[in-house]
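Listed below, chain by chain, are the residues.
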Amino acid sequence: MTVLADTAVAARFPVLAEREDVVYLDSAATSQTPRPVLDAMDDYYARHRATVHRSVYPLAAEATELFEGARERTAAWLNGDARGTIFTKNATEAINLVAYSWGRANVGPGDRVVVTELEHHSNFVPWFVLCKEVGATLEVVPVDDEATLDLDALDRVLAAGGAKVVAVGHVSNAAGTINPVADIVRRAHAAGAIAVIDGSQAVPQLPVDLAEIDADFYAWTGHKAYGPTGIGILHGRCELLDAMPPFIGGGHMIASVALDEVRWAEPPGKFEAGTSAVAEGIGLGAAVDFLRELGMASVRAHEHDITAYALERLVEIPGLQIMGPRDADRRGALVAFTLDIAHPHDIAEILGSRGVCIRAGHHCAQPLMKRFGVGATSRASFAVHSTRADVDALVDGVHEVRRIFA
Ligand SMILES: Cc1ncc(COP(=O)(O)O)c(C=O)c1O
């Protein structure tokens, strides 16, 4: 019996309740949506729809209250500050906001920006572009054979001086590695750099305490955390947000506009130009409530159990190689693997024909694929609704692939 099984979590996801033919093992790509999130968005559209922050009639005040309430609950859930909690389109936009707005103002020729071999392209490409544009050097911290970061290499880069930014993922979407982000933030600060953490894979599955991690910026994305698509979050240190120029200009992000002078609004409005994704923000607030109600310690314990079981079962399969840490304590709720006799896309297709939904590809982590000498892997990822029976379906499917290709 796994930790969350008694709460009949799967029944709260309409797709899973209605589609008995689906074994959904792709939550690291995007999670399924629980009923309370759909209800919260429906409630906004059906009963409270108006634009936010602008009008004073009751309907608009209700919409603003729902939207701002979602921000406050999201910040409080992660022990963050609502003023420094910015709604973005997704994690990609959140990280680009930092790279463009803070980066262009603070990184110059000869400076160093430090990333790692584990990064999703969202936490690699914006820094690559910044470095090219301003003449800074991009330093890449390597990983060992279990896709664990080489922190001595990080220290060597930082000791060389000139580091302005250390940008690291909390949990790798491609290898599953959980990085010691609070420790990395301390090392970055000791070297005079800011720390930017990509928490896209961490927020849905680990207890995250922003005050404890103490990053300058922490980005994540709603659609992997049981929220809707089109909404992400950037938590930023308020002093930095106050000093930064805006990212995008337009309505809502200003205090005043004259022909010869524009003054910015206070954060978070300063970084939320244009009409907000209102329903999506409200939906994300409901996703946060859903996770808070389950309890992140229980979520982690459940997914740890499923991941440990998957690791144990998958190693039975001849010719199968798992990428990333060997034990579930050091990895998030996913297992990426290769099989000697079949391409990841063929594996995903055969599994798909059996209803088992996994992802195949480079997972937007091509530097990591190159490090391990592969073009792609197959990845099964788990969520609050996953069961050991789902893992059995995965393993049976991979055995079938072996039979077909042998
Ligand atoms: C670790 C990580 N960072 C960033 C992202 C980007 O998320 P989004 O496409 O929602 O911006 C992903 C999505 O796959 C991810 O797994």
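Per chain, the residues get numbers from 1 upward, laid out in the order the sequence is written. Note on the predicted model: pLDDT of at least 70 is required for a residue's local features to be given, and 80 or more for side-chain atom pairs to be given and counted; whole-chain, interface and lining totals, by contrast, use all residues. The basis for every side-chain value is the complete set of non-hydrogen atoms in the structure, without hydrogens or water.

Quick notes on the environment of Val185
Point 1. Mapping Val185 onto the fold places it in helix H7 (residues 181–190).
Point 2. Burial here depends on accessible area, computed with a 1.4 Å probe over protein chains only, as a share of the maximum for the residue type. Under 20% is buried, over 50% is exposed, and the range in between is partly exposed. Overall, the relative accessible area of 1% leaves Val185 in the buried class.
Point 3. It is 9.4 Å that separates the C-alpha atoms of Val185 and Ala167, two residues lying 18 residues apart in sequence.
Point 4. Whether two residues touch is decided by their heavy atoms; if any such pair falls within 4.5 Å, the residues are in contact. When near neighbours in sequence (up to four residues on either side) are disregarded, Val185 contacts Ala195, Ile197, Ile213, Asp214 and Ala215. Put simply, DSSP marks the helices as runs of H or I at least four residues long and the strands as runs of E at least two long, and each gets a number from the N terminus on.

Here's the deal with the site of the ligand
Point 1. We define proximity as follows: a residue is near a molecule or strand when any one of its heavy atoms falls within 4 Å of that partner. If you check the shell around the ligand, you find Asn90, Ala91, Thr92, His120, Ser122, Asn173, Asp198, Ser200, Gln201, Thr221, His223 and Lys224 and nothing else.
Point 2. A distance of 2.7 Å is found between an oxygen atom of the ligand and a side-chain nitrogen or oxygen belonging to Gln201.
Point 3. A distance of 2.6 Å separates an oxygen atom of the ligand from a polar side-chain atom of Lys224.
Point 4. Relative to its unbound accessible surface of 400 Å², the ligand loses 87% to contact with the protein.
Point 5. Any residue outside Ala, Val, Leu, Ile, Met, Phe, Trp, Tyr, Cys, Pro, Asp, Glu, Lys and Arg is labelled polar, Gly included; the first ten of those are nonpolar and the last four are charged. Considering only residue class, the shell around the ligand consists of 1 nonpolar, 9 polar and 2 charged. Definition of a polar contact: a pair of N or O atoms within 3.5 Å, with one able to donate and the other able to accept a hydrogen when the atoms are protein atoms, and with sequence-neighbouring residues admitted only if both atoms are side-chain atoms. With residues, only the protein chains shown are counted as cover, and all accessible areas are computed by Shrake-Rupley using a 1.4 Å probe.

Notes on the sheet that holds strand S6 (residues 194–198)
Point 1. Note on pairing: two strands pair once DSSP finds at least 2 bridges between them. Strand order across the open sheet formed by 7 strands is S2-S8-S7-S6-S5-S3-S4, with mixed pairing between neighbours. One side of each edge strand has no neighbouring strand; the edge strands of this open sheet are strand S2 (85–88) and strand S4 (137–141). The sheet shows a mean angle of 20 degrees between the axes of neighbouring strands, taken without regard to direction.
Point 2. For strand S7 (residues 217–221) and strand S8 (residues 232–236), the ladder comprises 5 bridges, and the chain directions are antiparallel. Bridge pairing in S8 places Thr221 opposite Gly232.
Point 3. What counts as an axis is a line fitted to C-alpha atoms, over the stretch in contact for a helix, and the angles between N-to-C directions run from 0 to 180 degrees. Lying on the sheet, helix H3 (residues 58–77) is in contact with S2, S7 and S8; it crosses S2 at an angle near 120 degrees.

Here's the deal with helix H5 (residues 125–134)
For the α-helix, the turn length of 3.6 residues means that residues three or four positions removed from each other point alike.
Point 1. Burial in H5 covers these residues: Pro126, Trp127, Leu130, Cys131 and Val134. Within H5, the buried residues cover an arc of 135 degrees as seen down the axis, which keeps them to one side. Seen from the open side of H5, the exposed residues pointing more than 90 degrees away from its buried face are Lys132 and Glu133.
Point 2. Looking at the buried side of H5, the elements it contacts are helix H4 (91–106), strand S3 (112–116), S4, strand S5 (163–169) and S6.
Point 3. Where H5 terminates, the next one or two residues include Gly135, which has phi positive at roughly 80 degrees. The reported arc concerns the directions from the helix axis to the C-beta atoms and nothing else.

What to know about the pattern of salt bridges
Point 1. The rule for a salt bridge is simple: a side-chain nitrogen of Lys or Arg has to be within 4 Å of a carboxyl oxygen of Asp or Glu. In this structure the tally under the stated criterion is 27 salt bridges.
Point 2. Between Arg19 and Asp21 there is a salt bridge; the shortest N-O distance is 2.9 Å.
Point 3. Note on Asp21: relative accessible area 44%, which makes it partly exposed.
Point 4. If you follow the salt bridges from partner to partner, you end up with Glu68, Arg71 and Glu272 in one network.

Structural notes on empty space enclosed by the protein
Point 1. Only protein atoms enter the 1 Å grid used here. Points where a 1.4 Å probe fits but cannot escape make up a cavity, open sets with protein on both sides within 12 Å along at least five of seven lines make up a pocket, and a residue lines them when an atom lies within 4 Å of a point. Grid points are joined across faces, edges and corners, and a volume is the space filled by probe spheres set on the points. Taken as a whole and assessed by the stated rule, the structure comprises 1 cavity of 30 Å³ or more.
Point 2. A volume near 90 Å³ is recorded for the largest cavity.
Point 3. Along its surface, the largest cavity is lined by 13 residues, and Ser27, Gln201, Pro204, Gln205 and Phe382 are the ones closest to its centre.
Point 4. By convention here, the domain bounds are inherited from an automatic or database domain assignment. A domain split of the lining of the largest cavity shows at least three residues from each of domain 1 (5–30 + 296–405) and domain 2 (38–292).

Let's talk about the packing of aromatic side chains
How two aromatic rings sit relative to each other is set out by the distance from centre to centre and by the angle between their planes.
Point 1. Classification of ring pairs rests on two measures: the distance between centres of Phe, Tyr or Trp rings, Trp counted by its six-membered ring, which must be within 6.5 Å, and the angle between planes, read as stacked under 30 degrees, edge-to-face over 60 and tilted in between. Applying the stated criterion across every chain, the model contains 8 aromatic pairs.
Point 2. Ring geometry for Phe67 and Phe87: centres 4.8 Å apart, planes at 40 degrees, overall tilted. One end of the pair, Phe67, is in helix H3; the other, Phe87, is in strand S2, with 20 residues separating them in the sequence. A single burial state applies to Phe67 and to Phe87, both of which are buried.
Point 3. Ring pairing ties together the aromatic residues Phe13, Tyr226 and Phe290, which thus form one cluster.
Point 4. Across the ring face of Tyr100, the terminal group of Arg104 is positioned such that the distance to the ring centre comes to 3.9 Å.
Point 5. Two conditions define a charge sitting above a ring: the NZ of Lys or the CZ of Arg must be within 6 Å of the ring centre, and it must be within 35 degrees of the ring normal. The ring of Tyr309 carries Arg388 above its face, with NZ or CZ at 4.6 Å from the centroid.

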